[in-house]
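Coordinates in review
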Amino acid sequence: MSSNKGRVYAVTGAASGIGRATVERLVDDGASVVAVDLSAEALQWTASDDRIVAVAGDVTSEETNKAMVAAAIESFGSLHGVFLNAGIAGAGLIERAPMEMFDSVMDVNVRAVALGMRAALPRLREVDGGAIVVTGSTSGIGADPGLWTYNASKAAVINMAKSAALDVAHEGIRVNAVCPGPTRTGMTTEMQERDETANTMKNVVPMARWGEASELAAAVSFLLSPDSSFITAVALPVDGGVTANTGQFPTYGSRI
Ligand SMILES: NC(=O)c1ccc[n+]([C@@H]2O[C@H](COP(=O)([O-])OP(=O)(O)OC[C@H]3O[C@@H](n4cnc5c(N)ncnc54)[C@H](O)[C@@H]3O)[C@@H](O)[C@H]2O)c1
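Anyway, here's the lowdown on the structure attached to this text. As the structure is a prediction and not an experimental result, all values here were calculated from the model.

A few words on the overall build of the protein. A tally of regular secondary structure across the protein gives eight helices and nine strands. Over its C-alpha atoms the protein spans a radius of gyration of 18 Å, differing by no more than 12% from the 18 Å that the globule rule assigns to 256 residues. Its C-alpha atoms give the protein principal-axis dimensions of roughly 55 × 40 × 40 Å. Once local pairs closer than 6 in sequence are excluded, the contacts in the protein between residues at least 24 apart make up 71%.

Quick look at the structure:
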């Protein structure tokens, strides 16, 4: 039996990709979930399941984060953990990408996560084993060319998770970051199309393939659950080996 059974979670960016896969995984584990994303239409898929409550709103607003926590309490009576996962990409070279892009990427990928943590923490103190997981990225451990705003935002959110973890560790609340490598979701649709001809994953991922959203969801489910009760302040790569590879030599997958 999963140790998530009977627990209550909230997930942002729940309409698609890693967020949706995590909602599905947590419900399969026996948890109840508040699913947050920009529009009610995009969350329509949750409607037939009474273990999921949808909250439509922009996570960059304090109101949405408060509504997320309130929905957990009103619908399910408590909140054991949040997965602060909503994120946007921002491509462009440092001198060419507009500063407005920098601001919006930071707003969603960093500031909104801070709002989510601040909204959730008072409720997490009321339960045993409260947990927060944020979505970092391999781009926040190293850096990817042409993604400077995104790289900066993901490095920031990883260290924000570690900082928050240190602040609340003595209260028994854990905060961790999951760091996806290239994962097959809506965010990477163009990359996936290019990869059909370029075969990039074979060259850069030691496991020579894309990650699946369900593989991220499995890691998040573990980090939220009491099964990881002594794990806090880590940035866990779920990346098929990408961050371990210096890139100085071709991957074995590309040589065979
Ligand atoms: N897919 C990858 O390869 C990859 C790699 C590393 C990190 N990530 C991170 O994983 C997280 C999830 O992305 P994904 O790959 O599942 O992409 P996705 O585009 O499929 O899902 C992201 C979701 O976040 C929602 N969202 C965006 N801005 C929002 C806002 N302001 N308020 C509420 N919801 C908002 C979107 O509507 C969307 O449903 C992101 O933080 C992303 O940066 C993804």
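Having seen the structure, we can now continue with the description.
Now for the sheet that holds strand 6 (residues 174-180). Across the sheet, seven strands lie side by side as 3-2-1-4-5-6-9; this open sheet has parallel pairing. This sheet does not close on itself; its edge strands, each paired only once, are strand 3 (52-56) and strand 9 (235-238). Sheet twist, expressed as the mean angle between neighbouring strand axes with direction ignored, is 20°. The strands touched by helix 1 (residues 17-29) within the sheet are strand 1 (8-12), strand 2 (32-37), strand 3, strand 4 (81-84), strand 5 (131-135) and strand 6, with strand 1 carrying the most contacts at an inclination of about 165°. Together, strand 1, strand 2 and strand 3 form the strand contacts of helix 2 (residues 62-76), whose direction differs from that of strand 2 by roughly 155°.

For the rest of this paragraph, the subject is the site of the ligand. The environment of the ligand is made up of 26 residues, and the closest members are G13, G17, G87, T185 and G186. The greatest single-element share of the shell around the ligand, amounting to three residues, is contributed by helix 1. Looking at the shell around the ligand, its residues break down into ten nonpolar, 14 polar and two charged.

The subject of this paragraph is the nonpolar core. Y9, A10, V33, A35 and I132 are the most contacted members of the largest nonpolar core, which has 66 residues in total. When residues in this core are grouped by element, the largest group, ten residues, is from helix 3 (residues 99-124). When near neighbours in sequence (up to four residues on either side) are disregarded, V33 contacts Y9, A10, V11, V23, L26, V27, R51 and I52.

As a packed pair, helix 2 and helix 3 sit with axes 8 Å apart at the nearest point and diverge in direction by 30°. The angle between the axes of helix 2 and helix 3 places the two elements in the roughly parallel class. Considering how the two elements wind past one another, helix 2 and helix 3 form a crossing that is right-handed. In contact with E62, N65, K66, M68, V69 and I73 of helix 2, helix 3 contributes L115, G116, A119, A120 and R123. Across the contact of helix 2 with helix 3, the residue classes break down as six nonpolar, two polar and three charged.

A pair of packed helices is captured by two measures, namely the crossing angle of their axes and the spacing between those axes. The interhelical angle for the contact between helix 1 and helix 7 (residues 213-224), taken along N-to-C directions, is 55°, at an axis separation of 8 Å. One finds that helix 1 runs oblique with respect to helix 7. Crossing geometry of helix 1 relative to helix 7 is assigned as right-handed. Seen from helix 1, the contacting residues are G17, I18, A21, T22, R25, L26 and D29; seen from helix 7, they are A213, S214, L216, A217, A218, V220 and S221. Grouping the constituent residues of the contact of helix 1 with helix 7 by class yields eight nonpolar, four polar and two charged.

With that settled, consider the pairing of strand 5. Sheet faces and side chains relate simply in a regular strand, where the side chains alternate between the two faces. Within strand 5, five of the five residues are buried, which leaves the element mostly enclosed by the surrounding structure. Because side chains alternate across strand 5, one face comprises the buried residues A131, V133 and T135, and the other comprises I132 and V134, equally buried. With helix 3 bridging strand 4 and the parallel strand 5, this β-α-β connection has right-handed handedness. In the classification by handedness, the crossover that spans strand 5, the intervening helix 4 (residues 148-168) and the parallel strand 6 is right-handed.

This brings us to the environment of E24. Here E24 is to be found in helix 1. For E24, a count of 21 C-beta atoms within 10 Å puts it in the buried group. The sequence separation of E24 and D167 amounts to 143 residues, and the corresponding C-alpha distance is 30 Å.

Let us now look at unusual backbone geometry. In this structure, A208 takes a positive phi of about 60° despite not being glycine. Secondary-structure assignment places A208 in the loop between helix 6 (200-204) and strand 8 (211-212). A residue is classified by how many C-beta atoms lie within 10 Å of it, and A208, with 17 of them, is partly exposed.

Thresholds applied
Residues numbered from 1 in each chain as written. Predicted model: local features only at pLDDT ≥ 70, side-chain atom pairs only at ≥ 80, totals over all residues. Helix = DSSP H or I, 4+ residues; strand = E, 2+ residues; numbered from the N terminus. Rg over C-alpha atoms; globule rule 2.2 N^0.38 Å. Contact = placed C-beta atoms within 7 Å. Pairing = 2+ DSSP bridges. Axes fitted to C-alpha atoms, helices over the stretch in contact; angles between N-to-C directions. Near = placed C-beta within 6 Å. Nonpolar A, V, L, I, M, F, W, Y, C, P; charged D, E, K, R; others polar. Core = buried A, V, L, I, M, F, W, Y, C linked by C-beta atoms within 7 Å. Buried ≥ 20, exposed ≤ 12 C-beta atoms within 10 Å, placed from the backbone. Parallel < 35°, antiparallel > 145°, perpendicular 65-115°, else oblique. Left-handed = near helix turned anticlockwise from the far one by under 90°. Right-handed = clockwise from strand over helix to strand, strands pointing away.

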